[in-house]
Amino acid sequence: MQVYLPDDLHAAVKEHGFPASEMLQKAVREELRRLELIKAGEEYLEMLRAEVGPSTPESEAWARELVDQALRPSEQAAS
């Protein structure tokens, strides 16, 4: 298999002496894993929907608020 890198990316890899083959292998493995996790998450959500039914606008708003709270830096950490 051959992989094409745009000239600028190829130059940066060479300039920094990065091990391109190893980096590409790692990137492909990570992307495949990410896609597997997304698929597994979607399958899990479908299983939950089948078990408990579809979400409501209220439950989605509640879930969004929980996520927003979790992603907000805590006031204690900011101090």
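Conventions used here
- Residues numbered from 1 in each chain as written.
- Predicted model: local features only at pLDDT ≥ 70, side-chain atom pairs only at ≥ 80, totals over all residues.
- Heavy atoms only, no water.
- Helix = DSSP H or I, 4+ residues; strand = E, 2+ residues; numbered from the N terminus.
- Buried < 20%, exposed > 50% of the residue type's maximum accessible area, 1.4 Å probe, protein only.
- Areas by Shrake-Rupley, 256 points an atom, 1.4 Å probe, with all protein chains shown as cover.
- Lys, Arg positive; Asp, Glu negative; His and termini not counted.
- Charge placed at Lys NZ, Arg CZ, Asp CG, Glu CD.
- 1 Å grid on protein atoms, 1.4 Å probe; cavity = no way out; pocket = protein on both sides within 12 Å on 5 of 7 lines; lining within 4 Å.
- Points joined across faces, edges and corners; volume = space filled by probe spheres on them.
- Nonpolar A, V, L, I, M, F, W, Y, C, P; charged D, E, K, R; others polar.
- Salt bridge = Lys/Arg side-chain N within 4 Å of Asp/Glu carboxyl O.

Caption draft 1: Up close: the overall build of the chain. Helices and strands together make up the secondary structure of the chain, namely 4 helices and 0 strands. If you list the helices and strands of the chain from N to C, you get α-α-α-α. In terms of overall dimensions, the chain has a C-alpha envelope of 50 × 45 × 20 Å along the principal axes. Per-residue burial for the chain yields a buried fraction of 3% across its 79 residues. Carbon and sulfur atoms make up 59% of the accessible area of the chain, which totals about 7,600 Å². Taking the average place of the 9 positive charges on the side chains of the chain and the average place of its 16 negative ones, the gap between the two points comes to 4 Å.

Caption draft 2: Spatial organisation of the environment of H10. Relative to the helices and strands, H10 is located in helix α1 (residues 7-16). Given a relative accessible area of 39%, H10 falls into the partly exposed group.

Caption draft 3: Molecular detail of the layout of surface pockets. Here the largest pocket is characterised by a volume of approximately 160 Å³. Around the largest pocket, the lining residues are L45, L48, R49, V52, G53, P54 and S55. When the residues that make up the lining of the largest pocket are grouped by side-chain class, the tally is 4 nonpolar, 2 polar and 1 charged.

Caption draft 4: Looking closely at the pattern of salt bridges. A complete count under the given rule lists 6 salt bridges for this structure. The residue E31 makes a salt bridge to R34 at a minimum N-O spacing of 2.7 Å. Placement of the pair is E31 and R34 together in helix α2 (residues 20-52), with a separation of 3 residues, close to one helical turn. By relative accessible area, which is 35% here, E31 ends up partly exposed. The shortest N-O distance in the salt bridge between E36 and R33 comes to 3.9 Å. Placement of both E36 and R33 in helix α2 is noted, with a separation of 3 residues, approximately one turn of the helix.

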